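Spelled out, the chains give:
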Amino acid sequence: MKIENTIDYKIYLRLIRVVFFGLSSIVLGQKPSDLKILESFNYQKNVVYKVVDGMHLEMDIYYPEPDKIKKKNPWMLHVHGGGWAGGDRYKVFRKSFLGTLKALLDKGVVCVTIEYRRASRTIGGPTAYDAVVDAKDAAKYLLKNANKYKLDKKQYGVWGGSAGGHLSLLTALGKNSMFKGDKQLVDFNPKFKCVVSYFPATSLLNPELVPGSLFEKQDSYNRILGDSLKNKVALAKLLSPTEHLKKNSLPILLIHGDKDTVLPIINSTYMVEVAKEKQANVQLLTIKNAGHSFSGENISPSFKELNQYATNFILSYLKDENINTN
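Report on the accompanying structure. Keep in mind the model is a prediction, meaning the values are calculated, not measured.

What counts as what
- Residues numbered from 1 in each chain as written.
- Predicted model: local features only at pLDDT ≥ 70, side-chain atom pairs only at ≥ 80, totals over all residues.
- Heavy atoms only, no water.
- Helix = DSSP H or I, 4+ residues; strand = E, 2+ residues; numbered from the N terminus.
- Expected span 1.5 Å × (residues − 1).
- Buried < 20%, exposed > 50% of the residue type's maximum accessible area, 1.4 Å probe, protein only.
- Arc of directions from axis to C-beta.
- Contact = heavy atoms within 4.5 Å.
- Pairing = 2+ DSSP bridges.
- Axes fitted to C-alpha atoms, helices over the stretch in contact; angles between N-to-C directions.
- 1 Å grid on protein atoms, 1.4 Å probe; cavity = no way out; pocket = protein on both sides within 12 Å on 5 of 7 lines; lining within 4 Å.
- Points joined across faces, edges and corners; volume = space filled by probe spheres on them.
- Nonpolar A, V, L, I, M, F, W, Y, C, P; charged D, E, K, R; others polar.

**Concerning helix α9 (residues 266-278)**
The end-to-end C-alpha distance of α9 is 18 Å, a good match for the 18 Å that 13 residues give at a rise of 1.5 Å each. If you check which residues of α9 are buried, you get N267, S268, M271, V272, V274 and A275. Relative to the axis of α9, the buried residues are bounded by an arc of 165° and lie together on one face. Pointing more than 90 degrees away from the buried face of α9 are the exposed residues K276 and E277. Buried positions along α9 lie against α6 (163-173), β7 (252-257) and β8 (282-287). Following α9 by one or two positions, Q279 adopts a phi angle in the positive range, close to 60°.

Now the structure itself:
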């Protein structure tokens, strides 16, 4: 009898598989459930878009089914959350985003998820500024290599949640000249068509937004700014999305739960108020009974509905004659 047919050998193979996938998930920062979801997509994995401070920053590019891929496809850049110091690019598989990811791919929109330099928990390391620079460089890299990855050079947007929602807003609103990055990408100037920001921080300067939020702790400012607020007022202003709003700013959709205690909904209502003053195009979809990341029971609209709302918003601004929005 061959060893391959013995029970012991079959058990051995199972153990090898368990160990392999377990170690893979640890190395990649993924949960086993993320790996399972990941393999259901048509994607290009671990594309290095820049090297900085010895770090190889990577992205994953998710494509529609082969019969829906064209020479030039509209695309969305996803920036993950995680308190600026944590998280990974696989957060796009969370319920807050997964339905939109699938719907966009179904409509022929390529979706890109990136990693960036995460903020240091000690003073002197990377800050949220570096994360914005990286996100902008990711977009520049994709523009530079648009033909290689079958991407449209004009029809693209950005989205993200929590810290990623804050970074998405800055990636889209902040002037590229204020967030200079990789010199090899300096010739490219991203101009996003829209941004969808979920439960974000919108200002680091307004004291009315602090009570009841994570900003009651000085550690949050240390992570984002690399120092206290009083020592980094200029940087705090630069990293406040509301400070960048103008009449001709790109269309923005904010989605926020009314029971959020991490980054309360006042962050989004405040941005809407500023937008009205400046005549900027900012919309807010309020999710009732929802905490941060839309946690809670009986939330309204539902995950399915809010994902579809975000999808429809994105598709309405990615003008592509081959996109069927029905």
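Moving on from the model shown.
**What about the sheet that holds strand β2 (residues 55-63)?**
Reading across from one edge, β1-β2-β4-β3-β5-β6-β7-β8 is the order of the eight strands in this open sheet, with mixed pairing throughout. Strands at the two margins of the open sheet, each flanked by one partner only, are β1 (42-52) and β8. Taking the axes of each pair of neighbouring strands and ignoring which way they run, one obtains an average angle of 20° across the sheet. Examined bridge by bridge, β1 and β2 share eight bridges and lie antiparallel to one another. Bridge pairing links Q44 to I61 in β2. Sheet strands in contact with α6 are β3 (73-79), β5 (151-161), β6 (195-198) and β7, and its direction is about 145° off that of β5.

**Focus: the layout of surface pockets**
Estimates place the volume of the largest pocket at around 560 Å³. Along the wall of the largest pocket there are 22 residues; nearest its centre are A172, N176, P190, K191 and F192. Mapped by element, the contributors of at least two residues to the lining of the largest pocket are α4 (128-144), β5 and α6. Here the element with the most residues in the lining of the largest pocket is β5; it accounts for three residues. Each residue belonging to the lining of the largest pocket can be placed in one class, and the counts come to nine nonpolar, six polar and seven charged.

These figures come from the coordinates and say nothing about function on their own.
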